[in-house]
Structure formats: C-alpha cells, structure tokens
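Observations on the model geometry
Listed here are the chains, written in short residue letters.
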Amino acid sequence: MLKRMIWVGIGVVVGVVVVRKLTKAAESVTPGGVAERIGDAGAGMRESLKSFWADVSEAKAAKEAELYEAIERGEDISPLLTEAEEDDDRAPGRLF
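Here the structure is a predicted model, which means the values were calculated and not measured. (Residues numbered from 1 in each chain as written. Predicted model: local features only at pLDDT ≥ 70, side-chain atom pairs only at ≥ 80, totals over all residues. Heavy atoms only, no water.)

Topic: the overall build of the protein chain
For the protein chain, the helix and strand inventory stands at three helices and zero strands. Sequence-ordered secondary structure for the protein chain, helices as α and strands as β, is α-α-α. By residue count, 4% of the 96 residues in the protein chain fall in the buried class. (Helix = DSSP H or I, 4+ residues; strand = E, 2+ residues; numbered from the N terminus. Buried < 20%, exposed > 50% of the residue type's maximum accessible area, 1.4 Å probe, protein only.)

Focus: the confidence of the model for the protein chain
For the protein chain, mean pLDDT is 84; residues scoring 70 or higher make up 85% of the total. At the low end of the mean pLDDT range in the protein chain sits helix H3 (residues 78–87), at 68; at the high end sits helix H1 (residues 2–28), at 91. (pLDDT = per-residue confidence, 0-100.)

Let's talk about the pattern of salt bridges
It is possible for side chains of opposite charge to pair when their charged atoms get near one another. Counted according to the given criterion, the structure contains three salt bridges. Note that Glu-47 is salt-bridged to Lys-50, the shortest N-O span being 4.0 Å. Taken together, the positions of Glu-47 and Lys-50, both in helix H2 (residues 31–73) and three residues apart, correspond to about one turn of that helix. Residue classification places Glu-47 among the partly exposed residues on the basis of a relative accessible area of 47%. Among the salt bridges present, the one from Glu-66 reaches Lys-63, with a minimum N-O distance of 3.8 Å. (Salt bridge = Lys/Arg side-chain N within 4 Å of Asp/Glu carboxyl O.)

Description of a nonpolar patch on the surface
On the surface, Leu-2, Ile-6, Trp-7, Ile-10, Val-14, Val-18 and Leu-22 cluster together to form a nonpolar patch covering roughly 730 Å² of accessible area. Assignment of secondary structure puts Val-18 in helix H1. With a relative accessible area of 41%, Val-18 lands in the partly exposed category. (Patch = residues over 30% accessible without salt bridge, like charges linked within 9 Å, V, L, I, M, F, W, Y side chains within 5 Å. Areas by Shrake-Rupley, 256 points an atom, 1.4 Å probe, with all protein chains shown as cover.)

Structural notes on H2
With 43 residues, H2 should cover 63 Å at 1.5 Å per step; its first-to-last C-alpha distance of 62 Å lies within 8% of that length. Those residues of H2 that fall on the buried side of the exposure criterion are Gly-33, Leu-67 and Ala-70. Among the residues trailing H2, Gly-74 stands out with phi positive, at a value near 80 degrees. (Expected span 1.5 Å × (residues − 1).)

Quick look at the structure:
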C-alpha cells in the first residue's frame, strides 16, 4: 500500500511538471508570447546599436583630435588619412 502511494505521489509530481512545461511552451507561441520575445530581442538589439555607436563616436573623436593636432603643428595630414587603407590587407573596394 505504501509503495502505491509513493508511485501515485511521483506520478502527480511528474504530471504537474509536465503540465507546467507544456503550458509555458504553449504560451510562447501565442501572439502575446511572440510579441514579448520580439520585444526582448528588440531591446537587446537597441543596446547593441547604442554600444556600437558609442564605439564609433569615440574612435571618430580620437581621429579628429589626431588630425587637428597634426594641422596645428603644420604637418602633412595625408599619411593620417590613408593609414587605415595601408593596414587593411583586403583588396580595395571589397567589403568582406
């Protein structure tokens, strides 16, 4: 009798876990669940773009400062303008 009660208890626990998992899976494919996932992905994308833009702005400011300093010293800035192209090992005009 005790064995049967233990197995019934285990069955109830397993049943509850399965039902909760299925309910969660079913909610994720409803329109509200899909909208929530898309919203979360959009928020992550927005943060990535903000971080990227901050990095680009920082690099731009550093390069501008370097160019202004060279102009103030009266140096030729053409090497500073072509420096990135010389370091690049890709063929000119190729993006990838």
